[in-house]
Amino acid sequence: MTDRYAVIGYPLGHTISPAFQQAAFDALGINAQYESLETAPADLPERARELRAGKLAGINVTVPHKLAIVDELDHVSEIAHLTGAVNTVSVTPDGLLGDNTDVGAIETVLERAGVPAGIPALLLGAGGAARAALVALLNRGDRVTVANRTHENAATMTAHIAPEAGCPTLALDDPDLPIRAGNARLIVNTTSIGMQGGPAPGQSPLPDGCLHPEQTVFDIVYRPSATALLEQAAAAGATAIKGLDMLILQGAHSFRIWTGREPPVDIMLAAGRRAMEG
Ligand code: ATR
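Residues numbered from 1 in each chain as written. Predicted model: local features only at pLDDT ≥ 70, side-chain atom pairs only at ≥ 80, totals over all residues. Heavy atoms only, no water.

## A look at the site of the ligand
If you check the shell around the ligand, you find 13 residues, and the closest are Ala129, Asn148, Arg149, Thr150 and Asn153. Ala126 places a main-chain nitrogen or oxygen 2.9 Å from an oxygen atom of the ligand. Separating an oxygen atom of the ligand from a backbone N or O atom of Ser192 is a distance of 3.3 Å. Alone, the ligand offers 640 Å² of accessible surface; in the complex the protein occludes 67% of this. Looking at the shell around the ligand residue by residue, the class counts come to four nonpolar, eight polar and one charged. (Near = heavy atom within 4 Å. Polar contact = N/O pair within 3.5 Å; in protein donor to acceptor, adjacent residues only side chain to side chain. Areas by Shrake-Rupley, 256 points an atom, 1.4 Å probe, with all protein chains shown as cover. Nonpolar A, V, L, I, M, F, W, Y, C, P; charged D, E, K, R; others polar.)

Structure, rendered in structure tokens:
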């Protein structure tokens, strides 16, 4: 029997998840089909029923269902609880389990790029992706400062996720931002700035002139693949990491949860990059 997996979202638009997940199943000879299933909010309970009935073996969950899906589940992992978001659902003997694989994906992306742990980091943003990034950076032992358009959201996020860490926070338009950026060894952008079709396409969250070669800049935005921020990083001689790798690695971690098999990461990365170009 062919196991069915899917990514659910609304509207789903074009997603490259089927391309790299199917490549992984095929590479390991697993009889499975991965599809994109546009799912309106009212249809979330139906997807849960399909999972319970064995019609779906597992799902990835994307915007806008990452919070609402929790109501349909029996358990969530500790990391999903901490980040407040579920992007992966699996079927277990104890019922439906929600996980958040963004955290592990960020850690893996940084590890694969050889970014040393325990360094000063500047996290830009305080939304859903920022929460996962904050957990990942603190897991690595980085000393994290958070900057966000709405300062209050940064303060609320750090107080909720890691009250004991005492992460400094500031507003994106704080005059100190360029200095804080210059002092960081790692900069992670999780804001929507620079995103194609987003609120500020073609723009960067940082002013020119604050990046340097000793830094790594990781932009979670993956459309376009080279954002204005990553172009600033490249021009400054810093190491630039593209968001596409993170998208594919969160899927690779989901694949491991569903199958118990080691995901063929390089095959998934190649398939995902090909799908992006296509
Ligand atoms: P995601 O799940 O992708 O993280 P989100 O939860 O909507 O999306 O978060 C969006 C992030 O981008 C937030 O940090 C948001 O800042 P605010 O907390 O001030 O809303 C940031 N953001 C969105 N549009 C922005 C803009 N035009 N300029 C600066 N920051 C912006």
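Read on, since the account is not over.
## Digging into helix α1 (residues 17-27)
Burial within α1 is extensive, with eight of its eleven residues counted as buried. Among all positions of α1, only Ser17, Pro18, Phe20, Gln21, Gln22, Ala23, Ala24 and Phe25 are buried. As for α1, its buried residues are in contact with β1 (3-9), β2 (32-38), β3 (58-61), α9 (243-259) and α10 (265-277). Following α1 by one or two positions, Gly29 adopts a phi angle in the positive range, close to 65 degrees. (Buried < 20%, exposed > 50% of the residue type's maximum accessible area, 1.4 Å probe, protein only. Helix = DSSP H or I, 4+ residues; strand = E, 2+ residues; numbered from the N terminus. Contact = heavy atoms within 4.5 Å.)

## Here we look at the packing of aromatic side chains
Under the criterion given, the structure shown has four aromatic pairs. Considering the side-chain rings of Tyr5 and Phe25, the 4.8 Å spacing of their centres and the 25 degrees angle between planes classify their relative orientation as stacked. Taken together, the positions of Tyr5 in strand β1 and Phe25 in helix α1 put the pair 20 residues apart, joining distant regions of the chain. The same class applies to Tyr5 as to Phe25, namely buried. With centroids separated by 6.2 Å and ring planes inclined at 40 degrees, the aromatic side chains of Tyr34 and Trp258 adopt a geometry described as tilted. (Phe/Tyr/Trp six-rings, centres within 6.5 Å; stacked < 30°, edge-to-face > 60°.)

## Side note on the domain arrangement of the protein
We note that the domain assignment places domain 1 (3-100 + 245-277) and domain 2 (103-242) within the protein. Computed over C-alpha atoms only, the centres of domain 1 and domain 2 are separated by 25 Å. On the domain 2 side, the residues contacting the 17 residues of domain 1 number 17 residues. The junction of domain 1 with domain 2 conceals about 1,400 Å² of combined surface from both sides, 67% of it contributed by carbon and sulfur atoms. Across the contact surface, domain 1 and domain 2 share one salt bridge. A salt bridge links Asp266 to Arg112; the shortest N-O distance between them is 2.9 Å. Counting every contact that joins domain 1 to domain 2 gives five residue pairs in polar contact (both at pLDDT 80 or more). Only α3 (78-83), α9 and α10 provide two or more residues apiece to the side of domain 1 that touches domain 2. Per-element accounting of the side of domain 1 that touches domain 2 gives the leading share, six residues, to α9. Within the side of domain 1 that touches domain 2, the residues separate by chemical class into nine nonpolar, six polar and two charged. (Domains from an automatic or database assignment. Buried area = accessible area lost by both parts, 1.4 Å probe. Salt bridge = Lys/Arg side-chain N within 4 Å of Asp/Glu carboxyl O.)

## Points about the nonpolar core
By size, the foremost hydrophobic cluster in this structure holds 52 residues, and its most contacted members are Ile106, Leu123 and Phe218. No other element matches the eight residues that α9 contributes to this core. A domain split of this core shows at least three residues from each of domain 1 (3-100 + 245-277) and domain 2 (103-242). Core analysis: the next-biggest nonpolar cluster, separate from the first, contains 19 residues, Ala184, Ile193, Cys210 and Leu230 among them. (Core = buried A, V, L, I, M, F, W, Y, C linked by side-chain atoms within 4.5 Å.)

## Considering the pairing of strand β10 (residues 186-189)
For a regular strand, side chains alternate in direction, first toward one face of the sheet and then toward the other. Along β10, one buried face is formed by Leu186 and Val188 and the opposite face, lined by Ile187 and Asn189, is buried too. Across four bridges, the pairing between strand β7 (residues 120-124) and β10 is parallel. The residue bridging Leu122 from the neighbouring strand is Ile187, located in β10. (Pairing = 2+ DSSP bridges.)

## What to know about the sheet that holds strand β4 (residues 75-76)
Strand pairing in a sheet relies on backbone hydrogen bonds. The paired strands run either parallel or antiparallel. Spatial strand order, β2-β1-β3-β5-β6-β4: six strands in an open sheet with mixed pairing. The open sheet terminates on both sides in strands that have one partner only, identified here as β2 and β4. Of the pairings in the sheet, the one linking β3 to strand β5 (residues 88-92) comprises three bridges and is antiparallel in character. Within β5, the position partnered with Asn60 by the bridge is Thr88.

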